[in-house]
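Chains, contacts and geometry: an overview
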Amino acid sequence: MPSAVSQPLTLYDKVVRDHVVDEKEDGTLLIYIEDRHLVHEVTSPQAFEGLRNANRPVRRPDCTLATTDHNVPTTPRTNFKDVGTFVKEADSRTQCVTLEDNVRAFNLTFFGLNDKRQGIVHIIGPEQGFTLPGTTVVCGDSHTSTHGAFGALAFGIGTSEVEHVLATQTLITKRSQNMKVQVDGELAPGVSSKDVILHVIGIIGTAGGTGCVIEFCGSSIKSLSMEARMSICNMSIEAGARAGMIAPDQITFEYLKGRPLAPKTDSPEWKRAISYWSTLKSDAGAKFDKEVYIDARDIAPTVSWGTSPQDVVPITALVPGPDDFSDPHKKEACERALEYMGLTAGTPMEDVVLDKVFIGSCTNARIEDLRAAAKIVDGKKIASNIKHAMIVPGSGLVKQQAEQEGLDKIFTDAGFDWREAGCSMCLGMNPDILSPKERCASTSNRNFEGRQGAGGRTHLMSPAMAAACALVGKLADVRKVASSAHLTAAKVTPQIDLSEPSEEDILTDEDLDHIMDIPEDGTASAADTGSAAPSSAGMATFTQLKGIVAPLDRSNVDTDAIIPKQFLKTIKRSGLGTALFHQWRYISETGEENPDFILNKAPYRDAKTLVVSGPNFGCGSSREHAPWALLDFGIRCIIAPSFGDIFRNNCFKNSMLPITLDSEAIERVTAEAKAGREVEVDLPAQVVRAADGTELGQFEVDEFKKHCLINGLDDIGLTMQMEQKIRDFERRRTNRYPWLDGSGYLKRDRTGPVKVEAAAVPKTNRGDVKTEPLEW
Ligand SMILES: CC(C)[C@H](C(=O)O)[C@@H](O)C(=O)O
Ligand code: SF4
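Residues numbered from 1 in each chain as written. Chains lettered and ligands numbered in written order. Predicted model: local features only at pLDDT ≥ 70, side-chain atom pairs only at ≥ 80, totals over all residues. Heavy atoms only, no water.

As recorded in an unreviewed UniProt entry, the protein goes by the name 3-isopropylmalate dehydratase, listed as coming from Diatrype stigma. Under Function (unreviewed entry), UniProt gives the following word-for-word description of the protein: "Catalyzes the isomerization between 2-isopropylmalate and 3-isopropylmalate, via the formation of 2-isopropylmaleate." (UniProt positions renumbered as here; feature names shortened; annotations may be inferred.)

See the structure below:
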């Protein structure tokens, strides 16, 4: 709760301050996760299983909203009966059915496939007003950063942390550093917020925000609509940051008006909320650990050329080559990327011929994105060489709105395929994938190797640019394809019909009826369905680890590379060792082991530690399957120059030790590794030693995490001992922020699922954003 403070605070500092349940001397925080825990089918099964095994209930079912998005088919749902018959792939079906079983067993609010409000988890949260300024929002998904556009502290977590939140409604964390990215000036025609964030990542790199929460500010950011701001915060994770935030303002408040889970605008809570939300901005003189200033005039329509989101250039540029980089890691990465992407340095980007176009994902599948793309293709046809151009709306409500505006017709007339909502070809956990070597213009956020399909080649860009590419058949400059009238950035709050779907729309299934309106006393038993699989309760201890070290000469190794999407469809934590580094470890054509890959060679098949030469190991997705795969292979320690934040956290939750060493120490460990000699990692002494006892390097480790590793402590159990503090926090929070207990909810203080009430969208939400001060 706020306390008297003298020094100026950043937006991030303020939101953290208002959520501290407990703070230890070493800076370890127990923070409260507000009413906002989003759940999807991929990263939750093992968390629910952990709860069952430990006989723990979900602490706040009313604080949790679940949907299916990653695995779902995007084909028509006209004949939809239930997920059991609709989802054809067995493992995808299992995940979808398991989520439905879990929401039923634990009394959670759920938007399933027969509910128009189903969609990508980061689209539906804001759409429903579930995401509110000043809240803490988490989800087992890295793009939870999207919600920071509202001035919420929103970040992705791994499955063990999902379990922690479900059990305790809190998280154990440390303060991040503050980073400011200020963009000033007017964006040129044809330049959208996607170009802004691609440009920023091109400048600061995919590790530029590591350890930080980025606040995006400046006149360019202020001028953007909420949807455009969401695209920016969404990709903070691609900049390596824990979260991205934008101070809430009148554009934010206007967007929230009338959303089902936001406070009602005629209620006293709305006024109180507005007065609190208005304080959520960085104070003058607040200290940032890093600052980056960008002139909007330097931003052109931007496209990626390589296999990392930092590999971007203006569309008018040439494909870069290794000689354009001085850093040896970057040179090596450029060579690999050009080979994978099938590109030659010096080729004009606009000469690169495409096969497919994908307009969708949590970055760019909102109504404004579809409007921007439709403006470009209106009355035109896609190029004959484009084999497939898909539009995948981010939610059922976005799809419905687009159809009301006739956008579907514009797209289908032009030759696009108009689909149902889901993650789709953003990562291809459903049947929407690229074939090997197919090249795709994509509005998604990750161009990692194999991301959209094994061997597939992804070019990231804005919706307007992707639409232009579809028309030209090559990477194209939208400014040359469309008239300037069609290039102005959309700045209106979108019109989405938020009224409750009709009975037929959502409640054809009796079970879903049950899920959506369970009586208050119908609390779920944590042990409804038994399971023999291991739980996260009680970990193996980690003290000293002696063994072979495998050297991996790569940088920016993303979690898609550590374990590709096809192996995320499990509902278990075990058995993933064979999937580790799948694309590098096996020859795709034959499925045989690649004899050149380090883990396929003796003695490295028995490695217990991995030493990585380049920075940012484990960047990207929050999938805890990455540490699970390493662990199952036999690796318990990873040594690297730096790590992706979520991956690092996930390691600790699995009794694994990620160690950061400087480049000289890494070279010393690598020399031992290459010589095939054993190395000892001594956690109590915080030292890495050669087999003969020579010290190779000393490392830092967080005291609390070290304590948990050495003693094999289950931090959920530890947090549950803080029950009284959590309750006290909740009481104070209810007094101060009553709207979080549910102006938009059917009943206050309920412990069962939330029934989202019908809410008419007020007139002010249907037009342009007002520029004069609004009256509250
Ligand atoms: C499945 C999930 C863990 C993952 C993420 O965290 O980002 C996914 O959404 C992705 O985009 O790769
Ligand atoms: S990044 Fe792609 S796969 Fe991940 S949540 Fe967003 S749309 Fe889904």
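1. Thoughts on the overall build of the protein
Within the protein, the secondary structure is distributed over 27 helices and 27 strands. Out of the 776 residues belonging to the protein, those deemed buried represent 65%. For the protein, the proportion of contacts with a sequence separation of at least 24, taken over those separated by at least 6, is 78%. With an accessible surface of roughly 26,500 Å², the protein has 50% of that area assigned to carbon and sulfur atoms. (Helix = DSSP H or I, 4+ residues; strand = E, 2+ residues; numbered from the N terminus. Buried < 20%, exposed > 50% of the residue type's maximum accessible area, 1.4 Å probe, protein only. Contact = heavy atoms within 4.5 Å. Areas by Shrake-Rupley, 256 points an atom, 1.4 Å probe, with all protein chains shown as cover.)

2. Looking at the site of ligand 2
If you check the shell around ligand 2, you find His70, Ile120, His122, Asp141, His143, Ser361, Cys362, Cys423, Cys426, Leu427, Asn445 and Arg451 and nothing else. Per-class residue counts for the shell around ligand 2 are five nonpolar, five polar and two charged. (Near = heavy atom within 4 Å. Nonpolar A, V, L, I, M, F, W, Y, C, P; charged D, E, K, R; others polar.)

3. Focus: the site of ligand 1
For ligand 1, the full set of nearby residues is Val42, Thr43, His70, Asp141, Ser142, Leu427, Arg446, Arg451, Ser621, Ser622 and Arg623. Contacts to ligand 1 include Arg446, whose side-chain N or O atom sits 3.1 Å from an oxygen atom. Contact between ligand 1 and Arg623: an oxygen atom at 3.0 Å from a side-chain N or O atom of the residue. Expressed as a share of its isolated accessible area of 320 Å², the protein-covered part of ligand 1 is 97%. (Polar contact = N/O pair within 3.5 Å; in protein donor to acceptor, adjacent residues only side chain to side chain.)

4. Section: the packing of aromatic side chains
This structure, assessed with the given rule, holds 19 aromatic pairs. Between Phe411 and Trp418, the ring centres sit 6.0 Å apart and the planes meet at 15°, which makes this aromatic pair stacked. Plain terms: the ring middles of Phe617 and Phe647 are 5.4 Å apart, the flat faces sit at 75° to each other, and that makes the pair edge-to-face. Taken together, the residues Phe617 in the loop between strand S22 (609-612) and helix H22 (625-633) and Phe647 in helix H23 (residues 645-653) connect sequence positions 30 residues apart. Exposure remark for Phe647: the relative accessible area of 2% places this residue in the buried category. A network of ring pairs unites the aromatic residues Phe253, Trp270, Tyr276, Trp277, Tyr737 and Trp739 as a single cluster. Geometry around Tyr255 places Arg259 over its ring, the cationic atom sitting 3.9 Å from the centre. (Phe/Tyr/Trp six-rings, centres within 6.5 Å; stacked < 30°, edge-to-face > 60°. Lys NZ or Arg CZ within 6 Å of the ring centre and 35° of its normal.)

5. What about helix H25 (residues 703-711)?
The set of residues buried in H25 consists of Phe704, Lys706, Cys708 and Leu709. Looking at the buried residues of H25, the elements they touch are strand S8 (170-173), H23, strand S24 (657-660) and helix H26 (715-720). Gly712 lies just past H25 and shows a positive phi near 60°.

6. What about the pattern of salt bridges?
Here the structure, examined in full by the defined rule, presents 44 salt bridges. A salt bridge links Asp714 to Arg56, with the shortest nitrogen-to-oxygen separation between them at 3.1 Å. One end of the pair, Asp714, is in the loop between H25 and H26; the other, Arg56, is in the loop between helix H2 (45-53) and strand S4 (64-67), with 658 residues separating them in the sequence. Its relative accessible area of 14% is what places Asp714 among the buried residues. (Salt bridge = Lys/Arg side-chain N within 4 Å of Asp/Glu carboxyl O.)

7. Notes on the packing of helix H13 (residues 367-377) against helix H16 (residues 463-472)
Running from N to C, H13 and H16 cross one another at 30°; their axes reach a closest spacing of 8 Å. Taken together, H13 and H16 sit at an angle that is classed as roughly parallel. In the crossing of H13 with H16, the sense of the turn from one axis to the other is right-handed. Contact residues: Asp369, Ala372, Ala373, Ile376 and Val377 in H13; Pro463, Ala464, Ala467, Ala468 and Leu471 in H16. (Axes fitted to C-alpha atoms, helices over the stretch in contact; angles between N-to-C directions. Parallel < 35°, antiparallel > 145°, perpendicular 65-115°, else oblique. Left-handed = near helix turned anticlockwise from the far one by under 90°.)

8. As for the pairing of S22
Burial along S22 is two-sided: Thr609 and Val611 and Leu610 and Val612, pointing in opposite directions, are all buried. Of the strand pairs in this sheet, strand S21 (residues 549-552) and S22 are connected by four bridges, and their pairing is parallel. Bridge pairing links Val549 to Thr609 in S22. Of the pairings in the sheet, the one linking S22 to strand S23 (residues 637-640) comprises three bridges and is parallel in character. (Pairing = 2+ DSSP bridges.)

9. Section: the environment of Val612
For Val612, the position within the fold is in strand S22. For Val612, a relative accessible area of 1% puts it in the buried group. For Val612 and Glu667, which are 55 residues apart along the polypeptide, the C-alpha to C-alpha distance reads 9.6 Å. Dropping the residues within four chain positions of it, Val612 is found in contact with Leu552, Arg554, Phe617, Ile638, Ile639, Ala640, Pro641 and Ile666.

10. Things to note about the nonpolar core
Phe411, Phe416, Phe581, Leu610, Phe617, Leu630 and Ile638 are the most contacted members of the largest nonpolar core, which has 92 residues in total. Looking at which element gives the most residues to this core, the answer is H16, with eight residues. Among the nonpolar cores identified, the runner-up in size contains 82 residues, and Val39, Ala66, Val196 and Ile214 belong to it. (Core = buried A, V, L, I, M, F, W, Y, C linked by side-chain atoms within 4.5 Å.)

11. Regarding the packing of H22 against H23
Viewed as axis vectors pointing N to C, H22 and H23 meet at an angle of 50°, and their least axial separation amounts to 9 Å. Accordingly, the angle class assigned to the pair H22 and H23 is oblique. Judged by the sense of rotation from one axis to the other, the crossing of H22 with H23 is right-handed. Within the contact between the two elements, H22 uses Ala626, Pro627 and Leu630 and H23 uses Phe647, Asn650 and Cys651.

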